[in-house]
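Each chain, letter by letter, is given below.
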Amino acid sequence: MMSMTVHFLEFLVLALVGLIGVRAVSLAKQESQERHAASAHSELDEEIILVDQRRESSEESRAEGYEKRLAALKEAQIFAGIQMISVKREFNNLLDPDMLWLREAIALYLVGACDIISKAAGCDLKTRNKFSALVLSTTLKLKEMELAKTIQLAASRTPGSDEDDMVIAGAKAATQWKATQDVKDSLKLRTRINDWGVFV
C-alpha cells in the first residue's frame, strides 16, 4: 500500500513537472510573440514619429520662409512709400505720359531697393522680381508690360550707365535703410533724381 502511494505521488510529481514544463514553454512562446509584436509596434511608432517630425519641420521651415518673405515685402513697400512722399508732393501728375522718364528713373531706383530687401530675406531671383513688380505696381501704377520692361531693363543694364546708377542708388539706400531705418539725404530718391538731371 505504501509503495502504491509512493508510485502515485511520483506520477503526480512527474505530471506536475510536465504540466509546468508545458506551461513554461507556452508562456515563453507567448512572451516572445508579444515582445516581437511590441517591437514591431515600437519600430512602427518610432518611424511614424520620425516621419511626422520631418513633416512638421518642413512645414515650419516653409512657414518661416513665408513669414520672412511677407515681412520683406512690407519693408520694401514702406521703404518705397517713404521715398515717394517728397516726389509725389512735388510731382502730383506723375502718371502723365510726359513724366515717363521720371517714372522709369523711380522704377529703377525701387527695383534696386526691392532686390536688396528681398535678397536679405533669402528670396531667389524669380521671387525678387515678383517683389519688385508688386512694389512698382502699387507705387507707380505700372501695367504688366511696363513692369516686365522695367525689370528687364534693370537686369540687362550696362555697368556705368544711367540705369545702372539708378539701380545701385536704390540698392545703397535700401542697405542703409535696413541697417538704420533711415536714409541719408544723398541717397534719397528725390536727391538722386536731381543728381541724374531728370529734373533741374
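Preceding this paragraph is the structure being described.
Report on the accompanying structure. Because the structure is a prediction, the values reported are computed rather than measured.

Right, let's talk about the overall build of the chain for a bit. Check the secondary structure of the chain and you find six helices and zero strands. Written out in order from the N terminus, the α and β elements of the chain read α-α-α-α-α-α. Burial statistics for the chain: of 200 residues in total, 30% are counted as buried. The long-range share in the chain, meaning contacts at least 24 apart out of those at least 6 apart in sequence, stands at 68%. For the chain, the computed accessible surface area is about 13400 Å², with 59% contributed by carbon and sulfur atoms.

Note on placement: Glu75 falls in helix H1 (residues 2–90). Residue class for Glu75 comes out buried when judged on its relative accessible area of 17%. The residues contacting Glu75, other than those within four sequence positions of it, are Ile117, Trp177, Lys178 and Gln181.

In the Ramachandran plot, Lys141 falls in the positive-phi region, its phi being about 55 degrees despite a non-glycine side chain. Counting through the fold element by element, Lys141 comes out in the loop between helix H3 (125–140) and helix H4 (144–155). Although it is not a glycine, Gln181 adopts a positive phi angle of roughly 60 degrees. The class of Gln181 is partly exposed, set by a relative accessible area of 47%.

The next subject is the nonpolar core. By size, the foremost hydrophobic cluster in this structure holds 43 residues, and its most contacted members are Phe79, Ile106, Tyr109, Leu136 and Leu140. Elements supplying a minimum of two residues to this core: H1, helix H2 (100–120), H3, H4, helix H5 (162–180) and helix H6 (189–195). With sequence-adjacent residues up to four places away left out, Leu136 is seen in contact with Ala107, Leu110, Val111, Lys141, Leu142, Leu147 and Thr150.

Another point: H5. The end-to-end C-alpha separation of H5 is 27 Å, in line with the 27 Å expected for 19 residues at 1.5 Å each. Taken as a whole, H5 has its buried residues at Asp164, Met166, Val167, Ala169, Gly170, Ala171, Ala173, Ala174 and Trp177.

So, about the packing of H2 against H4. Across the interface, H2 lies against H4 with an axial gap of 10 Å and an inter-helix angle of 65 degrees. The hand of the H2/H4 crossing is right-handed. The segment H2 lies against H4, with Glu104, Ala107, Leu108 and Val111 engaging Lys149, Thr150, Leu153 and Ala154. A breakdown of the residues in the contact of H2 with H4 according to their chemical character gives five nonpolar, one polar and two charged.

With that settled, the discussion passes to a nonpolar patch on the surface. A cluster of nonpolar side chains, contributed by Ile78, Ile82 and Ile85, occupies part of the molecular surface with about 260 Å² of accessible area. Following the sequence through the fold, Ile82 ends up in helix H1. Using a relative accessible area of 41% as the deciding quantity, one classes Ile82 as partly exposed.

By the definition in use, this model includes eight salt bridges. The salt bridge partner of Lys149 is Glu104, with a shortest N-O separation of 3.9 Å. Remark: Glu104 occurs in helix H2 and Lys149 occurs in helix H4; sequence separation between them is 45 residues. Here Arg192 makes a salt bridge to Asp195, at a shortest N to O gap of 2.8 Å. On the criterion of helical spacing, the pair formed by Arg192 and Asp195 is a turn pair, its members being three residues apart in helix H6. The exposure class assigned to Asp195 is partly exposed, which follows from its relative accessible area of 48%. Taken together, the salt bridges that share partners define one network made up of Asp115, Lys119 and Arg128.

What counts and what doesn't
- Residues numbered from 1 in each chain as written.
- Predicted model: local features only at pLDDT ≥ 70, side-chain atom pairs only at ≥ 80, totals over all residues.
- Heavy atoms only, no water.
- Helix = DSSP H or I, 4+ residues; strand = E, 2+ residues; numbered from the N terminus.
- Buried < 20%, exposed > 50% of the residue type's maximum accessible area, 1.4 Å probe, protein only.
- Contact = heavy atoms within 4.5 Å.
- Areas by Shrake-Rupley, 256 points an atom, 1.4 Å probe, with all protein chains shown as cover.
- Core = buried A, V, L, I, M, F, W, Y, C linked by side-chain atoms within 4.5 Å.
- Expected span 1.5 Å × (residues − 1).
- Axes fitted to C-alpha atoms, helices over the stretch in contact; angles between N-to-C directions.
- Left-handed = near helix turned anticlockwise from the far one by under 90°.
- Nonpolar A, V, L, I, M, F, W, Y, C, P; charged D, E, K, R; others polar.
- Patch = residues over 30% accessible without salt bridge, like charges linked within 9 Å, V, L, I, M, F, W, Y side chains within 5 Å.
- Salt bridge = Lys/Arg side-chain N within 4 Å of Asp/Glu carboxyl O.

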